[in-house]
Amino acid sequence: MSTSRRSFLKWVAGAGIAVAVPKSVQAHDHFEGYADSYGVLHDASLCIGCRSCEAACHEVNDLPAPEKPFDDKSVLNTIRRTDDTNYTVVNKYKEGPPPKNGVFRKQQCNHCKEPACASACFVGAFTKSPEGAVVYDESVCVGCRYCLIACPFNVPTYTYDDALTPKVMKCTMCLPRVKEGKLPGCVEACPMEALTFGKREDLITIAKERMRKHPDRYINHIYGENEVGGTNWLYISEEPFEELGMRTDLGITPAPELTSGALAMVPVIIGMWPVLLGGIYVINRRKDIIAKKEKEDAVAEMKAVTTAEGEEKVKKAKEQALKQQGFAVKREVKKALEEAAKAKDENQNGEEAK
Amino acid sequence: MSDMIYTLQDFMTHTKGVVYILAVSYLIGFTAFWCFLFRRDKKED
Amino acid sequence: MSDQAVKKSLFTPFNIIAALIILGGIPIAIMRFTQGLGAVTNLDHTNPWGIWIGFDLLTGVALAAGGYVTAAAVELFGMKKFHAAVRPAILTGFLGYSLVVFALLFDVGRPWRLPYPFMVNQGVTSIMFEVGACVGLYLTVLFLEFSPAALEWLGLKKIRKVVVRLTILLTVFGVVLSTLHQSSLGAMYLIVPSKLHPLWYSSYLPVFFFVSSIAAGLSMVIFESTMSHRNFHDKMDAHHIEASRHVTFGFGRAAALVLAGYFAVKVFGLALGNHWDLLFTGYGFWYQLELIGFVAFPCFLYALGVRDKNAKIIKFAAFWTVLGIVLNRLNISFFCFNYHLPASERYTPHWMEIGISLFVITIGLVVYKFIVTKMPILHQHPDYPEEH
Ligand code: SF4
Ligand code: SF4
Ligand code: SF4
């Protein structure tokens, strides 16, 4: 999978910076994502909580069998989240009349168009593939778990009990199967067609069509159309999304935008701090040098004046001169210094001219 | 495909990467430039 | 020293407690690396960062800011009278950062892969990439800044001369790198507007972290000079004892100013987020406690101490500011993170996590004690007078 990891160095290595500059498909740094990427539409109003998708997911991904079998309905009595033994879970959020006997929703990675996990990972272990899946590459993961922090949907999990090869676990949208032209395991297994696989754009059309046909049945919102910049896994529902354990306060800002400002400050600091700090240093050093010279000259002057007098007196005078550093003396010294500097400059200039 | 950028994430991967390289070269360059600028002064001190 | 004296100096209360903590930490450390993070921590999928990040990393880095603050004040801003404070501050900075990295080895899943972000695949969009790069480089800078003391101790005059010549360059690099990573530790939380309480989440987070790190650095230097005054008085020469007084008042005044600025930007951030209404909720009172009790109050104390020439008040203000920084970092990483979840889904540290944190801190103290007693930190080396 490492070949699919996006790395700027590879672009650069390809042909040198100047030639290999990739072009943005959209003007003004606005990105629409991969146009033909796939996604899944989950129609929660059709979901009956049979957990066939969970079972299928375990099978296609070779995940260990859970303690309680998938047809054990008692599992649905508690709300679960994805953990390090699975990629997806179905929860029952409300009791309801037969035949469904409740309101259910399946959860897994939403395959964000601008994934927070990818933005956060400092080793670039996540890649948004052109097919729409956000895939994780275990071979580089350091295990900092910043991706778990960053994901607004609390999707990735970590195998904390693995001492030597702990890793992140997350739904892959069955990318290997999709590449073979097959359906994701969970979609294929769903007996109610509560999951629909297809091009993301088509899925949005389908969702809108269903809403148009049954305006009284659906909440008028496609969850994932714009949430955190849009996700490839979409949801429609007959119950308000908050009641399905989904956050409706996430906003539409894609994750990379949250940090781009701070990242943009980095080069500014690198560029300007040395200039500022260097400048301050130079100013202070100048001051020190001048102060030192003034002191020396003042002492020398005093010495010259008092050579005739006794040793005792000289010492005292010196001390006093040091303490007072009379304004007049200072000014004189400064003048002399400046003149000397000028003369020196002129000398130098003269020499250079020669 | 690989020389087209479709997502903000990939755009940032590219631009921030280039900027990091430039920033490091700048730090080295600035140090050299500083020495060039102040070498005369030092000799005078 | 006679045998008896050696024995006596080995079995001090400090040494005994330190030995116990370190001996207790070793089995936990072994457990961590043989049975995994799950065996010794309460981390889970919803709360992937515990006190090893919130305390050891976030707080540790902030409290180790004394190194760059002091070096900048003396070498760049020309405040030569604090010269004697530079070495102890650099030493604590160096040790602090080493401990942070050491603690990270426990926290990340596969610590041996820590070079991967730089050597194998660069995740340049991550704020953490920048933090990692800067901390790594800064550790090197601190090592070089500290090395003259070690080289004097070892008597390697030539190498020492080369390093000393680099002082200004190192100091500038140190300040650049510190500005970057101190602020970026705050910026790491920019990506979680939905998980961090809105009173603490702000696009100003990097600014808050940077400004408060200066206050933390200044306060830690005052705090440390108090502690070493008490514990290593015999190692200090007159020069350093005199400087310690200068530091208390000079840094106290600086800290008062920085805290005032910090208070202001915090309030500006609040206004920009328009979260006034949240001030009178449970979290709001907690926020007010932090802002008034641990920013405004120590700021006032510092000012009072400086005006009245009262070193005691300043020392207390330093201690209080340090507490405030700890509180702030823990608020962001822990108390106010995942604020929307019920208590049952929140994190409380496992006792073994605390054990490892103590283990790491104790190792730091022991090393500090060793270096201060052996190397010319709190006194000048007889061969190099007036230089450092
Ligand atoms: S839902 Fe979470 S894990 Fe999945 S792509 Fe989005 S940010 Fe990444
Ligand atoms: S845990 Fe692994 S995948 Fe997640 S952010 Fe850290 S390095 Fe990246
Ligand atoms: S898409 Fe594949 S990996 Fe994801 S939940 Fe469905 S079966 Fe599991």
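Since this is a predicted model, take the numbers as computed values, not measurements.

S.K.: In this structure, what is going on with the overall build of chain B? I would like to understand it.
M.R.: In terms of helices and strands, chain B carries 1 helix and 1 strand. Counting across all 45 residues of chain B, residues that qualify as buried make up 42%. For chain B, the exposed area adds up to about 2,900 Å²; of that, 70% sits on carbon and sulfur atoms.

S.K.: Explain the pattern of salt bridges to me, please; I cannot follow it from the model alone.
M.R.: Where charged atoms of side chains with opposite charge meet at close range, the side chains can pair. Under the criterion given, the structure shown has 17 salt bridges over all chains. Linking Lys92(A) and Glu95(A) is a salt bridge whose minimum nitrogen-to-oxygen distance equals 3.2 Å. Given a relative accessible area of 62%, Glu95(A) falls into the exposed group. A salt bridge links Glu152(C) to Arg160(C), with the shortest nitrogen-to-oxygen separation between them at 2.7 Å. Owing to a relative accessible area of 4%, Arg160(C) belongs among the buried residues under this scheme.

S.K.: Explanation requested: the packing of helix H2 (residues 13–35) of chain C against helix H15 (residues 351–374) of chain C in the structure shown.
M.R.: Angle between the axes and distance between the axes are the two parameters that describe a pair of packed helices. All names here are of chain C. The interhelical angle for the contact between H2 and H15, taken along N-to-C directions, is 130°, at an axis separation of 8 Å. Considering the angle they form, H2 stands oblique to H15. As H2 packs across H15, the resulting crossing turns out to be left-handed. Here H2 contributes Phe 14, Asn 15, Ala 18, Ile 21, Ile 22, Gly 25, Ile 26, Ile 28, Ala 29 and Met 31 to the contact with H15, which in turn contributes Trp 351, Met 352, Gly 355, Ile 356, Leu 358, Phe 359, Thr 362, Ile 363, Leu 365, Val 366 and Lys 369. Grouping the amino acids of the contact of H2 with H15 by side-chain chemistry returns 16 nonpolar, 4 polar and 1 charged.

S.K.: Sorry, what's going on with the site of ligand 1 here?
M.R.: Lining the immediate surroundings of ligand 1 are 13 residues, of which Cys109(A), Asn110(A), Cys112(A), Cys117(A) and Cys151(A) lie closest. Residues belonging to the shell around ligand 1 are distributed by class as follows: 10 nonpolar, 2 polar and 1 charged.

S.K.: How should the packing of aromatic side chains be read in this particular structure?
M.R.: What describes a pair of aromatic rings is the distance from one ring centre to the other and the angle between the planes of the rings. Residue and element names in this part refer to chain C. Under the criterion given, the structure shown has 39 aromatic pairs over all chains. Centroid distance Phe 118 to Phe 129: 5.3 Å. Interplanar angle 40°. Geometry classified as tilted. Here Phe 118 is found in helix H7 (residues 116–119), whereas its partner Phe 129 is found in helix H8 (residues 127–154), with 11 residues between them in sequence. With a centroid separation of 4.9 Å and 10° between ring planes, the pair formed by Phe 294 and Trp 320 is classed as stacked. Taken together, the residues span a long stretch of sequence, with Phe 294 in helix H13 (residues 282–307) and Trp 320 in helix H14 (residues 311–335) at a distance of 26 residues. For Phe 294, a relative accessible area of 14% corresponds to the buried category. For Trp 320, a relative accessible area of 22% gives the class partly exposed.

S.K.: Teacher, can you tell me more about the confidence of the model for chain A here?
M.R.: Mean pLDDT over chain A: 84, with 78% of residues reaching 70 or higher. Segment residues 12–20 of chain A is flagged for pLDDT under 50; beyond a separation of four residues in sequence, or across chains, it makes 3 contacts in the model.

S.K.: Looking at this structure, I do not really get the interface of chain C and chain A. What am I missing?
M.R.: When the parts of a complex come together, some accessible area is lost, and that lost area is often taken as the interface size. If you look at the interface, chain C gives 60 residues, while chain A gives 60 residues. In total, about 5,000 Å² of surface goes out of reach between chain C and chain A, with carbon and sulfur atoms giving 63% of it. Counting across the chain C and chain A interface gives 2 salt bridges. The tally of links from chain C across to chain A stands at 33 residue pairs in polar contact (both at pLDDT 80 or more). At the level of secondary structure, the elements contributing two or more residues to the side of chain C that touches chain A comprise H2, helix H3 (37–40), helix H5 (66–76), H7, H8 and helix H10 (167–187) of chain C. If you tally residues by element for the side of chain C that touches chain A, the top one is H10(C), at 7 residues. The residue inventory of the side of chain C that touches chain A, partitioned by class, reads 34 nonpolar, 17 polar and 9 charged.

What counts and what doesn't
Residues numbered from 1 in each chain as written. Chains lettered and ligands numbered in written order. Predicted model: local features only at pLDDT ≥ 70, side-chain atom pairs only at ≥ 80, totals over all residues. Heavy atoms only, no water. Helix = DSSP H or I, 4+ residues; strand = E, 2+ residues; numbered from the N terminus. Buried < 20%, exposed > 50% of the residue type's maximum accessible area, 1.4 Å probe, protein only. Areas by Shrake-Rupley, 256 points an atom, 1.4 Å probe, with all protein chains shown as cover. Salt bridge = Lys/Arg side-chain N within 4 Å of Asp/Glu carboxyl O. Axes fitted to C-alpha atoms, helices over the stretch in contact; angles between N-to-C directions. Parallel < 35°, antiparallel > 145°, perpendicular 65-115°, else oblique. Left-handed = near helix turned anticlockwise from the far one by under 90°. Contact = heavy atoms within 4.5 Å. Nonpolar A, V, L, I, M, F, W, Y, C, P; charged D, E, K, R; others polar. Near = heavy atom within 4 Å. Phe/Tyr/Trp six-rings, centres within 6.5 Å; stacked < 30°, edge-to-face > 60°. pLDDT = per-residue confidence, 0-100. Buried area = accessible area lost by both parts, 1.4 Å probe. Polar contact = N/O pair within 3.5 Å; in protein donor to acceptor, adjacent residues only side chain to side chain.

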